[in-house]
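Now for the letters of each chain:
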Amino acid sequence: NIEELNQAMKDKVWLDPRVKSLLEEAVKDSNASSTAPNGKCSVRPSYIQLSATPYSLLTVDQVLRRIMPTEDNTSNTSSSNNDNNNNDNDAPVPIEEIPSSFEIAGHIAHLNLRSESLPYKYLIGKAILEKNRPKIRMVVNKTGSIENEFRTFPMEMLAGDGLDLDLVERLCAAGDEKVGGEGSKENNNNGCGSTILKSSPPQRVQVDIGPEHQSLMLVEVKEHGCRFKLDFARVYFNSRLQSEHARLVQEIVQGAAKTNAEECIVADAMAGVGPFAVPLTSANAPHFLETRIVCHANDLNPVSYRYLQGNAKGNRCFSDRLVMYNLDAKEFIRRMNREGVEADHFIMNLPQLAPEFLDAFRGWEFRSEEKRPLVHVHCFGEKARNDDELVRVERQAQQRCEKALGCPGCLSDSKASENEFRVRVVRDVGPRKNMLCVSFRLPREVSGVEKIELNIASSGGADENATGGKRDRTKEEGGASTDDAESNPSKRSKE
């Protein structure tokens, strides 16, 4: 009967959307008529006891909805407690968003869990790992924001080959006891070793990425015809920016093809491991023969710089097309102007701080009245809910850029059209936060602004003599190496 059917639907086994939809349809049909129509089977609860859907058939989302408190399963628990006159103050608070989606970098699944999900983080990691093997071998969670100059962030390990599950289980069950003293970090190596912050609930147990996990952090990412090797723990790489990488590369290439110029020069001030620079200059790229793109790529992080060199070699980026630097971004921008590199585009992909680096353009020396570089600045901004808020968000991004350039009003009103000012939403970052790309022609007014004094300490690996020397591509069949000492003045100067 219908009452039994409704009661059966409350069991967890019926939470499967496919089964639930069938039952709801059956209830609807049964309410309309007490007898099943000709040719249609009637529906009744099965006599076979299905205690749970087989684990192998469940998706990550379905698994997490059974082990984490949601409105569906907590309402049943609350109802049962009320029937038994129990106090349900200790009932778990339902989680609004099940963290079943994640970012993938090679074989690593990267999560950014909210505080409400932290008590279940090891279960979440295990579910993601088991449901995505062998593609996923490690699950990590971001534990802090990007606060250092190399754009890396702290993370902890939730699942993977290098995690001692028995140790984690004992620590989670240890109550409020301290491990090695309050706040202690055992086997810590400059904050990167495997550590236990404190036992008690799972959210207080933290297994940091340490030397024993080093091999697992080395990943290879395929993106738009290129292969990138990187150390996920020591360099900045965001796989969710694949579309933005492709869009900007395509915009630059298509723009260069339309102008029929001899070459298009791109200066990437925060190049990372090369997601813009490598596809722009790779000999494997479809535009390589038709459109000559020369890219000057820079990154302050010496680890990123080394991987940029390796990725350039692996993707056949010749040294007459890709020139690499290991400098502070402001010094790199100044150097382009000082050495007469007339870039057509500047890429500044540092969302947290990129607009503030625009002050390096103050006092810019334009060598041609007609040629002004197109600057692409990535930054964060509020999420607009209507047209009025969108105008306000764009105005905030505009004023932030104008302030750094030192010429208020140079991108507003009539100047906006002259300088091709535009703001584009790149991706959704949070409930009230978007990533933006602000593009504009470098205003002529910056040439009259006094230059700022750069106070930059040596990065220890600064490539002070990088030049774009030609090389004989016949030396290495299948791709020239930018590491070759004879063709790479930067390496020759260091040796």
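For the structure itself, consult the block above.
Summarised in this report is the structure supplied together with it. Everything quoted here is computed from the prediction, not taken from an experiment.

## So, empty space enclosed by the protein
Phase 1 of the analysis: By the definition in use, this model includes three cavities of 30 Å³ or more.
Phase 2 of the analysis: Size it by volume and the largest cavity reaches roughly 110 Å³.
Phase 3 of the analysis: For the largest cavity, the lining is made up of 14 residues, of which E342, W364, E365, K371 and P373 are closest to its centre.

## Focus: the pairing of strand β6 (residues 226–231)
Phase 1 of the analysis: Relative to β6, strand β5 (residues 218–223) runs antiparallel, the two being bridged by six bridges. Looking at the pairing, E223 lines up with C226 of β6.

## A closer look at the sheet that holds strand β9 (residues 322–325)
Phase 1 of the analysis: The strand order across the open sheet built from seven strands is β9-β8-β7-β10-β11-β13-β12, with neighbouring strands paired in mixed fashion. Each edge of the open sheet is held by one strand with a lone partner, namely β9 and β12 (422–430). In this sheet, adjacent strand axes meet at a mean angle of 20 degrees when their direction is disregarded.
Phase 2 of the analysis: In the sheet, strand β11 (residues 374–382) pairs with strand β13 (residues 433–441) via nine bridges, with the strands oriented antiparallel. Bridge assignment links V377 to a residue of β13, and that residue is V438.
Phase 3 of the analysis: Packing of helix α11 (residues 329–338) onto the sheet brings it into contact with β7 (264–268), β8 (293–298), β9 and β10 (345–349), and relative to β8 it is tilted by some 145 degrees.

## Overview of the packing of aromatic side chains
Phase 1 of the analysis: All told, the structure shown has six aromatic pairs when counted by the stated rule.
Phase 2 of the analysis: The interplanar angle of 50 degrees and the centroid separation of 5.1 Å between the aromatic rings of F361 and W364 together place this pair among those described as tilted. Just as F361 is buried, W364 falls in that class too.
Phase 3 of the analysis: Members of the aromatic cluster, each reached through a chain of ring pairs, are F346, F361 and W364.
Phase 4 of the analysis: A cation sits over an aromatic face here: R321 above F288, 4.1 Å from the ring centre.
Phase 5 of the analysis: Across from the ring centre of F380, 4.2 Å away, lies the NZ or CZ of K433, which sits over that ring.

Rules used in this analysis
- Residues numbered from 1 in each chain as written.
- Predicted model: local features only at pLDDT ≥ 70, side-chain atom pairs only at ≥ 80, totals over all residues.
- Heavy atoms only, no water.
- 1 Å grid on protein atoms, 1.4 Å probe; cavity = no way out; pocket = protein on both sides within 12 Å on 5 of 7 lines; lining within 4 Å.
- Points joined across faces, edges and corners; volume = space filled by probe spheres on them.
- Pairing = 2+ DSSP bridges.
- Helix = DSSP H or I, 4+ residues; strand = E, 2+ residues; numbered from the N terminus.
- Axes fitted to C-alpha atoms, helices over the stretch in contact; angles between N-to-C directions.
- Contact = heavy atoms within 4.5 Å.
- Phe/Tyr/Trp six-rings, centres within 6.5 Å; stacked < 30°, edge-to-face > 60°.
- Buried < 20%, exposed > 50% of the residue type's maximum accessible area, 1.4 Å probe, protein only.
- Lys NZ or Arg CZ within 6 Å of the ring centre and 35° of its normal.

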